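# Reading the structure
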Amino acid sequence: MSRAGLGTPPPATPAPPIDVPEAGLPTVRDPARIPRRLGLTGTLMMGIGALGAGALPVPNPLFGLRVISLPARNATAAIAITYAGMGMLVLAWLWIGRMLRARGAVAPAPDRTQLARTGLLWALPLALAPPMFSKDTYSYLAQSAIAARGLDPYSLGPAAALGVDDPLTRTIPTIWRDTPAPYGPLFLALGRGITTLTRSDVIQGLFAHRVLALCGVALIIWALPRLGRRCNLDAGLVLWLGVANPLVLFHLVSGIHNEGLMIGLMLAGVELSLRGLDRVPRGRGGFGRGGGLGDPLFLTGAVVVALGASVKLPAILALGFVGMEAARRRGGRVRDVAASAAVLGAVTAAVIVALAVGTGLGFGWIGTQGTANVIRSWMSLATDLGQLSGQIGILAGLGDHTDTVLTITRGLGGIVAALLCLRLLLLVLRGRLDPVTGLGVGLGAVVLLGPVVHPWYLLWAAIPLAATRGMPRHRRAALAASALLAVMLPPTGADFAFRSFQLPLSIMAGIVILVVALLLVRHELRRAARAVAAAPDALLGSTEPAAVGDDLGGAPLDDPDGAPSSTASAPPEPPAGTRPEITGPPSRTGPTSPT
């Protein structure tokens, strides 16, 4: 009698893998495939819509061109397409953001490489399209042209220096045509070089300034994950929240704001300075002789931060938190604070004087920091309080004293912001707060309590805070706030005076387009879920159907105890430290990763 006749089971036949074509089952190798494509579709629609709904120059160089001028001929349809694309991108970013955890991409979430590739693909259409959401870049061009002609951009506005009929002046909103430049000498010197290269050509100048803004974003990409590593945060999570953020894509990549260069230099300088402090060995005084103040890397970081402040002044706040961290490591005494302040003050003064004298632009920018105060920003708490108090006075019959009340409330807002920053500096000195968190919260106070707040100003605080310990706990709030603020400004970067009907119609049409796109996505998800649920249990290796779109962290094709549910020969375990290939959706009963 054969051995088989004695009850010995025949050798088990391995089940076919789930991703072979013969199995007839869908392969879910990348669960983020659908949101990634949704976001890319959104940015492509934004890029096309920007041809008619962007912050285009006057006169529009697209007029008269075949095909490419079609969006400009129907601005309402172009704005609708752009709004639909904005909604797709924001929803896709939120979708992928929900997959990430404090320790990064937990399979089957997209890993760091996939996240980086996604962010680059989303940014590419916006980087090639006309600017949107703001016309500040035309002010950059005009102020740079003023400096290139040997005039003082800190005392003359574009209209007075270039003339009202100059192409660079005509595109600037009327309210800013007579205001001097509030930007530092480094930025205007770079802009002067761009003007020399492009010879006042508006289109070439726009793309040259975009390259400058992208250099700042590259510095953010370099510095942010390294700062997040100090808090044991995964680089993928940090970059997704801080760089792939719709606010960054809309206002730094598409809007070409110089905040990108300012924040990039600021964060790169902070990282270099902290590295200089880290490599000083501990000594009798706590952290070695000198406490790191004389370390070349620390001083280099201070110079880089000062360069960022020479683009826009708020970056100088970073030196205060770096100095307090250096003082804490020296012992935290008053003389340690004084030593840090002396070293950093000397470095800052040397950089600013060298730039002012070397560029020939002088120190006039110090006196033009209040240029933006001519507008009343509803996002500013101090301005809102002043306007509310003024209206109450009008209703009470006391007269219109709104301007006077605004001066008082804005002054009080500045005092409160200064006191909050002082409190944060003391917490860093005592070791109760890390300098990056203190910097992010301090810049947030300066922005929200300042006289003028634009959505891209909030990036001063949002980008540093993406690399702090508090971000994983407040991840959902950060995602929601970024998504809401991203869709607040119209893509044209201008008001809709005398055509107030256009924006509501465009928004409603954009919502219809977005709903249709989401219905298609929903149909695709349901189709995949039905296909997986109808699969044979022998192939799935589980008696319960898995659902596509469940939260992440579960081990696919595993039972609750983590052991394979099938006794058939299983595929070999991947080497330690590598990410397994995902060939199916996560199990409902699989272990979940910690939040």
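Since this is a predicted model, take the numbers as computed values, not measurements.

## Re the overall build of the protein chain
When helices and strands are tallied, the protein chain shows 23 helices and 2 strands. Taking all 595 residues of the protein chain together, 51% fall into the buried category. Surface summary for the protein chain: the accessible area is close to 27,300 Å², and the carbon and sulfur share equals 65%.

## Examining the environment of alanine 483
As for its position among the elements, alanine 483 is in helix α21 (residues 475–486). Residue classification places alanine 483 among the buried residues on the basis of a relative accessible area of 11%. Linking alanine 483 and leucine 91, residues 392 residues apart in sequence, is a C-alpha distance of 8.0 Å. Residues contacting alanine 483, with those up to four places away along its chain left out, are Val90 and Leu94.

## As for the packing of helix α3 (residues 75–99) against helix α11 (residues 246–254)
Contact geometry of α3 with α11 gives a least axis separation of 9 Å together with a crossing angle of 140 degrees. The pairing of α3 with α11 is recorded here as oblique in orientation. On α11, the residues that touch Met86, Leu89, Val90 and Trp93 of α3 are Pro246, Leu249 and Phe250. Of the residues assigned to the contact of α3 with α11, the class counts are 7 nonpolar, no polar and no charged.

## What to know about a nonpolar patch on the surface
A contiguous nonpolar surface patch, about 550 Å² in accessible area, is contributed by Ile408, Leu412, Ile415, Leu419, Leu422 and Leu426. Relative to the helices and strands, isoleucine 415 resides in helix α17 (residues 402–429). Judged by its relative accessible area of 49%, isoleucine 415 falls in the partly exposed class.

## A closer look at the packing of aromatic side chains
Think of a pair of aromatic rings as described by two things: how far the centres are apart, and how the planes are tilted against each other in angle. Within the structure shown, the criterion is met by 7 aromatic pairs. Summarising the aromatic geometry, the rings of tryptophan 122 and tryptophan 240 are spaced 5.4 Å apart at their centres and angled 55 degrees between planes, so their arrangement reads as tilted. Of the two residues, tryptophan 122 sits in helix α4 (residues 112–128) while tryptophan 240 sits in helix α10 (residues 235–242), which places them 118 residues apart along the sequence. Classification of tryptophan 240 by relative accessible area gives buried; the value is 2%. Clustering of aromatic rings is evident, with ring pairs tying together Tyr140, Tyr183 and Phe187.

## Describing the pattern of salt bridges
By the definition in use, this model includes 10 salt bridges. In this structure, the salt-bridge partner of arginine 275 is glutamate 271, at a minimum N-O distance of 2.8 Å. Of this pair, arginine 275 and glutamate 271 both sit in helix α12 (residues 259–278), separated by 4 residues, roughly a single helical turn. Given the relative accessible area of 32%, arginine 275 is considered partly exposed. Residue glutamate 271 is classed as buried on the basis of its relative accessible area, which comes to 3%. Here the salt bridges do not stand alone but share partners, grouping Arg230, Glu271, Arg275, Asp278, Glu325, Arg328 and Arg329 into one network.

## Digging into the nonpolar core
If you look at soluble globular proteins, the nonpolar side chains tend to sit buried side by side. Formed by 123 residues in total, the largest nonpolar core has its most connected members in Leu224, Phe250, Ile263, Leu267, Val270 and Ile463. No other element matches the 12 residues that α3 contributes to this core. If we ignore the near neighbours within four places in the chain, the residues touching isoleucine 463 are Ile220, Leu224, Gly242, Val248, Leu252, Ile263 and Leu267. Of all hydrophobic cores here, the second largest spans 14 residues; its members include Tyr138, Ala142, Trp176 and Leu206.

## Overview of the packing of α4 against helix α9 (residues 202–229)
At a minimum axis separation of 11 Å, α4 and α9 run at an interaxial angle of 150 degrees. Taken together, α4 and α9 sit at an angle that is classed as roughly antiparallel. For the pair formed by α4 and α9, the contact residues are Leu126, Ala127 and Leu128 on the first element and Phe207, Arg210 and Leu214 on the second. Per-class residue counts for the contact of α4 with α9 are 5 nonpolar, no polar and 1 charged.

## Notes on α10
With 8 of 8 residues buried, α10 is to be regarded as a mostly interior element. By the burial criterion, the buried members of α10 are Ala235, Gly236, Leu237, Val238, Leu239, Trp240, Leu241 and Gly242. N-capping of α10 is provided by aspartate 234, with a side-chain oxygen placed 2.7 Å from the backbone N of glycine 236.

## Let's talk about the confidence of the model for the protein chain
In the predicted model, the protein chain carries a mean pLDDT of 79, and the fraction of residues at 70 or more is 79%. This stretch, residues 283–290, has a pLDDT under 50; its non-local contacts, to residues over four places away or in other chains, come to 12 contacts.

## So, the environment of leucine 224
Checked against the element boundaries, leucine 224 lands in helix α9. In the structure, leucine 224 is positioned 18 residues away from glycine 242 in sequence and 7.7 Å away in space, judged by C-alpha atoms. When sequence neighbours within four positions are dropped, the list of residues in contact with leucine 224 reads Val238, Gly242, Val243, Leu267, Ile463, Ala466 and Ala467.

Parameters and conventions
Residues numbered from 1 in each chain as written. Predicted model: local features only at pLDDT ≥ 70, side-chain atom pairs only at ≥ 80, totals over all residues. Heavy atoms only, no water. Helix = DSSP H or I, 4+ residues; strand = E, 2+ residues; numbered from the N terminus. Buried < 20%, exposed > 50% of the residue type's maximum accessible area, 1.4 Å probe, protein only. Areas by Shrake-Rupley, 256 points an atom, 1.4 Å probe, with all protein chains shown as cover. Contact = heavy atoms within 4.5 Å. Axes fitted to C-alpha atoms, helices over the stretch in contact; angles between N-to-C directions. Parallel < 35°, antiparallel > 145°, perpendicular 65-115°, else oblique. Nonpolar A, V, L, I, M, F, W, Y, C, P; charged D, E, K, R; others polar. Patch = residues over 30% accessible without salt bridge, like charges linked within 9 Å, V, L, I, M, F, W, Y side chains within 5 Å. Salt bridge = Lys/Arg side-chain N within 4 Å of Asp/Glu carboxyl O. Phe/Tyr/Trp six-rings, centres within 6.5 Å; stacked < 30°, edge-to-face > 60°. Core = buried A, V, L, I, M, F, W, Y, C linked by side-chain atoms within 4.5 Å. Polar contact = N/O pair within 3.5 Å; in protein donor to acceptor, adjacent residues only side chain to side chain. pLDDT = per-residue confidence, 0-100.

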